[in-house]
Amino acid sequence: MEKIRIKYLCEDIERLKYIDGKSDWIDLRAAEDVEMKAGEFRLIPLGIAMELPRGYEAHVIPRSSTYKNFGILQTNSMGLIDESYCGDNDQWYMPALAMRDTVIRKNDRICQFRIMKHQPQLEFEAVDTLGHEDRGGLGSTGKQ
Ligand SMILES: O=c1ccn([C@H]2C[C@H](O)[C@@H](COP(=O)(O)OP(=O)(O)OP(=O)(O)O)O2)c(=O)[nH]1
């Protein structure tokens, strides 16, 4: 079991819950009421700051139902929360683009996260040839 120290920046949003057995992604909630017009962009506050376990980062994605329920797209596709993003005011946000006029209420579950181990340190070595056959580009295996 890993322990995560969390600071709630909004008193009246529900506390994070790890629900064993269903999915290990943890839902995140809007920390305020947000009204958006079609085409509008907002950073929606999630009301939390965290100290991630050492050697981990967090990935934030929309819930599968987010678009159906709220008509918003997460503009960075997947949010990356760095381990160094751990100050008391390092609030997590969901960058969102409204595709229709919409209202998101405080406490609505709009996205979800999990933690992931950092990848190993990388070093890049330039070569003249990689020494492998070309696989072929995007879609080269056809449609069916
Ligand atoms: O969806 C997101 C993505 C990022 N962050 C926070 C945590 C992350 O650690 C910080 C910076 O993110 P990132 O490095 O991906 O953004 P950047 O555009 O490269 O900004 P920076 O110059 O701060 O690195 O912003 C969020 O709250 N939500």
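Residues numbered from 1 in each chain as written. Predicted model: local features only at pLDDT ≥ 70, side-chain atom pairs only at ≥ 80, totals over all residues. Heavy atoms only, no water.

Caption draft 1: Up close: the state of the cysteines. Applying the stated criterion to the full structure yields zero disulfides. Residue Cys86 stays outside any disulfide, its sulfur separated by 20 Å from that of Cys111, the closest cysteine. Judged by relative accessible area, which is 41%, Cys86 ranks as partly exposed. Not engaged in a disulfide, the cysteine Cys111 finds its nearest cysteine sulfur in Cys10; these two sulfurs lie 14 Å apart. (Disulfide = S-S within 2.5 Å. Buried < 20%, exposed > 50% of the residue type's maximum accessible area, 1.4 Å probe, protein only.)

Caption draft 2: Expanded view of a nonpolar patch on the surface. Together, Phe41, Leu43 and Tyr93 make up a nonpolar patch on the protein surface, roughly 290 Å² of accessible area in all. Locating Phe41 in the fold gives a position in strand β4 (residues 41-45). Looking at Phe41, the relative accessible area reads 44%, which means it is partly exposed. (Patch = residues over 30% accessible without salt bridge, like charges linked within 9 Å, V, L, I, M, F, W, Y side chains within 5 Å. Areas by Shrake-Rupley, 256 points an atom, 1.4 Å probe, with all protein chains shown as cover. Salt bridge = Lys/Arg side-chain N within 4 Å of Asp/Glu carboxyl O. Helix = DSSP H or I, 4+ residues; strand = E, 2+ residues; numbered from the N terminus.)

Caption draft 3: How the structure looks around the sheet that holds strand β11 (residues 109-117). Read across the sheet, four strands follow the order β2-β11-β6-β8 without closing on themselves; strand pairing throughout is antiparallel. Each edge of the open sheet is held by one strand with a lone partner, namely β2 (26-29) and β8 (79-81). Taking the axes of each pair of neighbouring strands and ignoring which way they run, one obtains an average angle of 35° across the sheet. The pairing of strand β6 (residues 56-62) with β11 spans seven bridges and is antiparallel. Following the sheet pairing, Val60 is matched in β11 by Phe113. (Pairing = 2+ DSSP bridges. Axes fitted to C-alpha atoms, helices over the stretch in contact; angles between N-to-C directions.)

Caption draft 4: Molecular detail of the environment of Ile44. For Ile44, the location among the structural elements is in strand β4. Through-space distance from the C-alpha of Ile44 to that of Val34 is 7.6 Å; in sequence the pair is ten residues apart. Those residues within four positions of Ile44 in sequence are excluded, and the remaining contacts are Ala30, Val34, Met36, Ile72, Trp92, Tyr93, Met94, Ala96, Ile104 and Ile110. (Contact = heavy atoms within 4.5 Å.)

Caption draft 5: Highlighting the site of the ligand. Near the ligand you find Asn76, Gly79, Leu80, Ile81, Asp82, Tyr85, Gln91, Trp92, Tyr93 and Pro95, and these make up its full shell. Taking Asn76, its side chain carries an N or O atom lying 2.9 Å from an oxygen atom of the ligand. The separation between an oxygen atom of the ligand and a polar side-chain atom of Asp82 is 2.7 Å. Protein contact buries 50% of the 570 Å² of open area that the ligand shows by itself. (Near = heavy atom within 4 Å. Polar contact = N/O pair within 3.5 Å; in protein donor to acceptor, adjacent residues only side chain to side chain.)

Caption draft 6: Representation of the side chain of Gln74 in the model. Counting through the fold element by element, Gln74 comes out in strand β7 (residues 72-74). In this structure the side chain of Gln74 is engaged in a polar contact, spanning 3.1 Å, whose partner is the side chain of Asn76. The contacts of Gln74, once residues within four sequence positions are left out, are Val60, Ile61, Pro62, Gly79, Met94 and Pro95.

Caption draft 7: Layout of the UniProt feature "domain: dUTPase-like" (unreviewed entry) in the chain. The sites that carry the UniProt feature "domain: dUTPase-like" (unreviewed entry) are, in the present numbering, residues 27-140. Between the C-alpha atoms that bound residues 27-140 the distance is 38 Å, and the span itself is 4% helix and 40% strand. (UniProt positions renumbered as here; feature names shortened; annotations may be inferred.)

Caption draft 8: Quick look at the sheet that holds strand β9 (residues 93-98). On the basis of which strands lie adjacent, the open sheet formed by three strands has the order β4-β9-β7 and antiparallel pairing. Each having just a single partner strand, β4 and β7 make up the two edges of the open sheet. When the angles between neighbouring strand axes are averaged without regard to direction, this sheet yields 40°. Where β7 and β9 come together, three bridges link them in antiparallel fashion. Within β9, the residue paired with Leu73 across the bridge is Leu97.

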